[in-house]
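# Structure at a glance
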Amino acid sequence: MCVSRFLRCVGVSLVPMAIICMVSNILLLLPELKPRFLLEGHVTREATWATGLWGSGLLVLLGARAFVQSSKTKGCWAFRSQMLCQALYSCVVLLAASGCSLVSATGLSQGPLCLYNSSSGLTWGVPLQPLPDRHSGYLYNQTLWSGVCMAPRSVVQWNVVLFSIMGITSALQAVLCGLNILNSLLGLILGQGFGRNRVSGRGQI
């Protein structure tokens, strides 16, 4: 059946995406793969919110598991009730993934927390965030990537790559969940025989 197959495909597809977001968020918390920056509180704020772990990670995995299990449901009323539940699950996962994508975009645009040379000496801060009286954004000026932050080493490239991966992946999750909401509503309205009726109708022709 079309609805069940799509539900299962979405569930299976969300699993590797959730793992990618979780790994990306963990790496963002460990610049230079060293825990001391995290323990000292010298990690980019958006990374510490851990939306890739609990949002596009754990919640998406729970939703994916529910999608795959619901695709096996038999019986008219049981199927329709499951479709209603899956529509609600999809809304929750959609919000979680969208939140992670928004946080990733914010972290990407603001730049990393790093040790830099200010007028008062070496200090920790966010020197690359766009300001009205300064550069419009470090993303469009790669000469700033290696010339501003002293530590952690290569933190700008680290954040750009990982926030980009997490943001794009969570955005794809949100798109899939949006489509799954429509799919679940279709199953709720038309029932379990929707795809089977179409196939049988074509066979008779």
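That block above? That's the structure.
The following refers to the structure shown.

Conventions adopted
- Counting starts from 1 at the beginning of each chain's written sequence and moves along it residue by residue.
- Local features in this predicted model are restricted to residues whose pLDDT is 70 or higher, and side-chain atom pairs enter the listing and the counts only when it is 80 or higher, whereas totals over whole chains, interfaces and linings include all residues.
- Note that the side-chain values use all heavy atoms of the structure and ignore hydrogens as well as water.
- Helical segments are the DSSP runs of H or I of at least four residues, strand segments are the runs of E of at least two, and each set is numbered from the N terminus.
- For two strands to be treated as a pair, DSSP must find no fewer than two bridges joining them.

### With respect to the environment of Pro127
Topologically, Pro127 is positioned in the loop between strand S2 (121–125) and helix H6 (144–147). The sequence separation of Pro127 and Gly111 amounts to 16 residues, and the corresponding C-alpha distance is 7.6 Å.

### Some details on the pairing of strand S1 (residues 114–118)
Two elements, S1 and S2, share five bridges in a ladder whose sense is antiparallel. In the sheet register, Asn117 faces S2, and the bridge partner there is Leu122. Between S1 and S2, which pair antiparallel and follow one another directly, the connecting turn spans two residues. Taken together, the two bridges between S1 and strand S3 (residues 149–151) define a ladder with antiparallel strand orientation. By the bridge assignment, Leu115 is partnered in S3 with Ala151.

Any functional reading would require information that these geometric values do not contain.
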